[in-house]
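Coordinates in review
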Amino acid sequence: GAAPGTVFVQRNVANMVNKDDNNVQAVIQYAVEVLKVPHIVVCGHYDCGGVRAATHNGNHGSPLEGWLGSIRDVYRTHYEELQAIPVGEERARRLVE
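Since this is a predicted model, take the numbers as computed values, not measurements.

1. Description of a nonpolar patch on the surface
Together, Phe 8, Tyr 30, Val 34 and Leu 35 make up a nonpolar patch on the protein surface, roughly 370 Å² of accessible area in all. Tracing the backbone shows Leu 35 in the loop between α1 (22–34) and α2 (49–55). Of the residues examined, Leu 35 reaches a relative accessible area of 39% and is grouped as partly exposed.

Rendered as structure tokens:
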């Protein structure tokens, strides 16, 4: 494991880094400029509940619905590729990638 103080973590629903998210931008700025973090890793995972929620038709209400909009945009952009994958779980895994 890592020693205390060697890992700086920021988490959110679906592990998104969105250019309009002031929180994630502030975290990155602080990590780079103040803590002098040399490497940034954006890490998601399969079976992500946030991604799964974004792929289901339905309104999750504000503010979650707005947050999931970025994932839905990616889904729409790659709709043909994703629909060509016959198994729903495999399709969700590809969207996470």
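Having put the structure on the table, let's press on.
2. Some remarks on the nonpolar core
Grouped together as the largest cluster of nonpolar side chains are 11 residues: Ala 14, Met 16, Cys 48, Val 51, Ala 53, Ala 54, Leu 68, Ile 71, Tyr 75, Leu 82 and Leu 95. Secondary structure elements with two or more residues in this core: α2 and α3 (64–77).

3. Remarks on α1
In a regular helix each residue adds 1.5 Å, so 13 residues correspond to 18 Å; α1 covers 17 Å between its end C-alpha atoms and thus fits that length. The complete set of buried residues in α1 reads Val 24, Val 27 and Ala 31. When α1 is viewed along its axis, its buried side chains cluster within an angular range of 60° and face the same direction. Turned more than 90 degrees away from the buried face of α1 sit Asn 22 and Val 34, all of them exposed. Between the side-chain oxygen at the start of α1 and the backbone nitrogen of Asn 23 there is a gap of 3.0 Å, and the oxygen is on Asp 21.

4. Here we look at the packing of aromatic side chains
Taken as a whole and assessed by the stated rule, the structure comprises 2 aromatic pairs. Centre to centre, the rings of Phe 8 and Tyr 30 are 5.8 Å apart; their planes meet at 45°, and the pair counts as tilted. In this pair, Phe 8 is assigned in the segment before α1 and Tyr 30 in helix α1, connecting sequence segments 22 residues apart. On the basis of relative accessible area, Tyr 30 is assigned to the partly exposed category, the value being 39%. Centre to centre, the rings of Tyr 75 and Tyr 79 are 5.9 Å apart; their planes meet at 75°, and the pair counts as edge-to-face. Classification of Tyr 75 by relative accessible area gives buried; the value is 19%. One cation-aromatic arrangement involves Arg 93 over Tyr 46; the distance from NZ or CZ to the ring centre is 3.6 Å.

Calculation criteria
Residues numbered from 1 in each chain as written. Predicted model: local features only at pLDDT ≥ 70, side-chain atom pairs only at ≥ 80, totals over all residues. Heavy atoms only, no water. Patch = residues over 30% accessible without salt bridge, like charges linked within 9 Å, V, L, I, M, F, W, Y side chains within 5 Å. Areas by Shrake-Rupley, 256 points an atom, 1.4 Å probe, with all protein chains shown as cover. Salt bridge = Lys/Arg side-chain N within 4 Å of Asp/Glu carboxyl O. Helix = DSSP H or I, 4+ residues; strand = E, 2+ residues; numbered from the N terminus. Buried < 20%, exposed > 50% of the residue type's maximum accessible area, 1.4 Å probe, protein only. Core = buried A, V, L, I, M, F, W, Y, C linked by side-chain atoms within 4.5 Å. Expected span 1.5 Å × (residues − 1). Arc of directions from axis to C-beta. Polar contact = N/O pair within 3.5 Å; in protein donor to acceptor, adjacent residues only side chain to side chain. Phe/Tyr/Trp six-rings, centres within 6.5 Å; stacked < 30°, edge-to-face > 60°. Lys NZ or Arg CZ within 6 Å of the ring centre and 35° of its normal.

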